[in-house]
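# Observations on the three-dimensional arrangement
Here is how the chains run, residue by residue.
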Amino acid sequence: MREYASPDIRNVAVVGHGASGKTTLVDALAFVSGSSKRHGSVKDGTALTDFAPEEVDRGYSINLGCAYAEWMEAKINLIDTPGYADFHGDAIAGLAAADGALVVVNATSAVEVGTERMFREALQRRDPVLFVVSMLDKENASFDRTFAAIKARLTAKVIPVEVPVGEGPDFHGIVNLFSRKAHIYRKGTKSGEYDETDVPPEHRAQFDRYYQELIETIAATDDAMLERYLEGQEIGRDEAIAAMKEGMKRGELFPLFCTSAELTYGVRALLTKIVELMPSAYEMEELHALRGAEGDQPVEIHARDDQPFSALVFKTLTEPHVGDVSFFRIFSGAVVNGQDVYNATRNVAEKLGHLSVAQGRDRIEVPKLHAGDIGCVAKLKNTHTNDTLSTREHPVRLPDIRLPEPQVTFAVHATSRNDEEKLQQGLHRLHDEDPTFSMHYEPETHDTVVSGLGERHLEVSMAKLKRKFGVSGELTRPKIAYRETIRGRGEGQGRHKKQTGGRGQFGDCWIRMMPLPRGEGYVFADEIVGGAIPSKYVPAVDRGIQEAAARGVLAGHPLVDFKVECFDGSYHSVDSNEMSFKMAGILAFKAVAPKCRPVLLEPLDELEVTTPDEYLGDVMGDVSARRGQILGTSALTDGRGTLVRAVIPQAELHLYATHLSSMTHGYASFTRRFRGYEEVPAEVAQKIIAESAKSREEVMAEA
Ligand SMILES: Nc1nc2c(ncn2[C@@H]2O[C@H](COP(=O)(O)OP(=O)(O)OP(=O)(O)O)[C@@H](O)[C@H]2O)c(=O)[nH]1
Ligand SMILES: [Mg+2]
């Protein structure tokens, strides 16, 4: 492959709703350009960027995938991203590595929740966006309906640059409004060959209407041009394209293109327009990074070869026999094969051996990459997603990719008991590869807990675990970390006496127990007077109480938020020892705690749910059905719905993400954080206590 300097590089993320045709489009772009030798297909499991076995099995993208198309003296780096919300992390990472976005919109289903989400992500990043209407060959495809939906739901600034000739099974050509010519595709073409003709007469009226709109919209972005247009002067093609590119950069224009990627229709024209309309890497807006290993001085990063090297690792793929493959976007400086670099994020030296660019699963070694390009290397020692690679002399840290927060949590255990350690290692590796997948140990419930963006995400993660690390993990509902407390006061004695042959055991204490406010934990007060218990034994009483409290009195959960006063007792000069007083403490707790009106506590989370107003009633009703309490609602400032704040017991929140999504067709989102413990309502508590008694009986029976 030839070398490409920054002005000849385009970095484009292909984003959109699930199954909108992104992967098929990326395959077609790379194939039609001649850069990829084979026209792959998602259905056959041969698509260029869907090569992981989990993707081939399921027929949808899970990982972002990199490919390229060399076209018109330029190299277009294409980043195919997954459309399903469960893999949204990689779509965000793909956008972070690119300079512009292709938002793919299915001509049969038009704007969907994922389209909206990704379009807004791109807008937030101030990326130029080019819309692609896909699958125009499919039954029921409609260009006008799709265009209208984009206009109504995404942006009024969308403007068609092409219109289709025929639709659905009759789709066979595209009218280009700039060239005022039609491309009529040759039946059975493998790589989008066409005959150029004048606009077919039956499309003349439609052409005139859209042409008028296109030129007026472009002219409106430039006062001088508008004036000339109003004076009746012709606006030339090159001039119009240059103005459109500027308008796109400012977010004032969003051109729309037509394709059927499966038939390779519209793909050549799209390649040309990507080169003409998308900003080159050289035009990248400066980035604000932090300089130095401590990262305390701000520094501007420009896509120039003469700046020190800096690159962001935006994706890591773990393969058992290959090791990690790290994909990086160079933001400044050039880099050569074998170069030593420095990971300032982790303070480690790395070597870029076998510097490559990816064409789907293939990696093509290159001698050098320039500022703004995207590359990959295998086997870095200690570099992960979101790390910055730079140089020892000029260490920098680029801004992090802000990945989505976990939404769904499960407990996990190895299907085979001997595999627990392997499981832990595998889970860690999965997290290294995919930061939106995380794990931790929950000491109160003894669960290993995994979190991710959705059920599908965790299910796929388990499939990866099995394939890559040879261990099967089973997902179960995580246990709830209930606690217990007391609501009343009580006092009583714990007396431990044992006489066995020689030396005996003797400890005796009197305690008072009383509740403390929520969150105060446990307080022990030594109120012994006159040496009724020698002071060296009092701490043993304390320990005994703590040990017993950890096992609770109602359902085996730790008892918290109480105070114990140890106010009396007795001892034996020969038989007393620490052990005996600890036993006395345990007995005292067991005698007194049940008398203090013990109750069950449960953890609650505070949720912030954002929902379009049409679902507000359902969302609020669902909160109540989950024993939740609404704290307040407020209208979103952008007029796109309402924010609901609510407190809901964790026990009622398992798979909330899935339910919320299906209730609102994916349009609502939420964040949650731990709020605190509150008493479980009596009727719910009875059930939990009964279940706990039953499971303890089962354990006893097994033993
Ligand atoms: N008829 C027709 N089908 C298409 C076209 N493009 C894609 N498809 C089919 O639509 C389905 C989804 O296509 P993909 O390319 O996997 O869509 P995607 O957007 O990558 O999907 P995710 O990776 O799940 O987000 C596949 O079965 C494709 O074969 C097209 O131009 N015409
Ligand atoms: Mg895909």
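For the structure itself, consult the block above.
So, how was this worked out
Residues numbered from 1 in each chain as written. Chains lettered and ligands numbered in written order. Predicted model: local features only at pLDDT ≥ 70, side-chain atom pairs only at ≥ 80, totals over all residues. Heavy atoms only, no water. Helix = DSSP H or I, 4+ residues; strand = E, 2+ residues; numbered from the N terminus. Buried < 20%, exposed > 50% of the residue type's maximum accessible area, 1.4 Å probe, protein only. Contact = heavy atoms within 4.5 Å. Areas by Shrake-Rupley, 256 points an atom, 1.4 Å probe, with all protein chains shown as cover. Lys, Arg positive; Asp, Glu negative; His and termini not counted. Charge placed at Lys NZ, Arg CZ, Asp CG, Glu CD. Near = heavy atom within 4 Å. Polar contact = N/O pair within 3.5 Å; in protein donor to acceptor, adjacent residues only side chain to side chain. Nonpolar A, V, L, I, M, F, W, Y, C, P; charged D, E, K, R; others polar. Axes fitted to C-alpha atoms, helices over the stretch in contact; angles between N-to-C directions. Parallel < 35°, antiparallel > 145°, perpendicular 65-115°, else oblique. 1 Å grid on protein atoms, 1.4 Å probe; cavity = no way out; pocket = protein on both sides within 12 Å on 5 of 7 lines; lining within 4 Å. Points joined across faces, edges and corners; volume = space filled by probe spheres on them.

Let us look at the overall build of the chain. Within the chain one finds 16 helices and 37 strands. Overall size of the chain, expressed as C-alpha extent along the three principal axes, is 110 × 55 × 50 Å. Residues classed as buried in the chain amount to 54% of the 703 residues present. Considering only contacts in the chain between residues 6 or more positions apart, those separated by 24 or more positions represent 72%. For the chain, the exposed area adds up to about 30800 Å²; of that, 49% sits on carbon and sulfur atoms. Computing the positive centroid from 82 side-chain charges and the negative centroid from 104, the chain places the two 5 Å apart.

Neighbouring residues of ligand 1: 21 residues in total, closest Lys 22, Thr 23, Thr 24, Ser 61 and Asp 137. Lys 22 is positioned with one of its side-chain polar atoms (N or O) 2.7 Å from an oxygen atom of ligand 1. At a separation of 2.7 Å, an oxygen atom of ligand 1 approaches a polar side-chain atom of Thr 23. Isolated, ligand 1 exposes 640 Å² of accessible area, and the fraction of that covered by the protein chains is 90%. A class-by-class count of the residues in the shell around ligand 1 yields 7 nonpolar, 9 polar and 5 charged.

Between helix α8 (residues 237-249) and helix α9 (residues 267-277), the shortest axis-to-axis distance is 9 Å and the interhelical angle comes to 70 degrees. The orientation of α8 relative to α9 falls into the category roughly perpendicular. Residue-level contacts link Arg 237, Ile 241, Met 244, Lys 245 and Met 248 of α8 to Lys 273, Glu 276 and Leu 277 of α9. Of the residues assigned to the contact of α8 with α9, the class counts are 4 nonpolar, no polar and 4 charged.

In this approach the atoms are scanned with a rolling probe the size of a water molecule, which exposes any empty space left behind. Applying the stated rule across the entire model yields 5 cavities of 30 Å³ or more. Within this model, the largest cavity holds a volume of roughly 90 Å³. For the lining of the largest cavity, the secondary structure elements donating two or more residues are α3 (88-97) and α11 (455-469). The element best represented in the lining of the largest cavity is α11, accounting for 4 residues. The residue inventory of the lining of the largest cavity, partitioned by class, reads 3 nonpolar, 5 polar and 5 charged.

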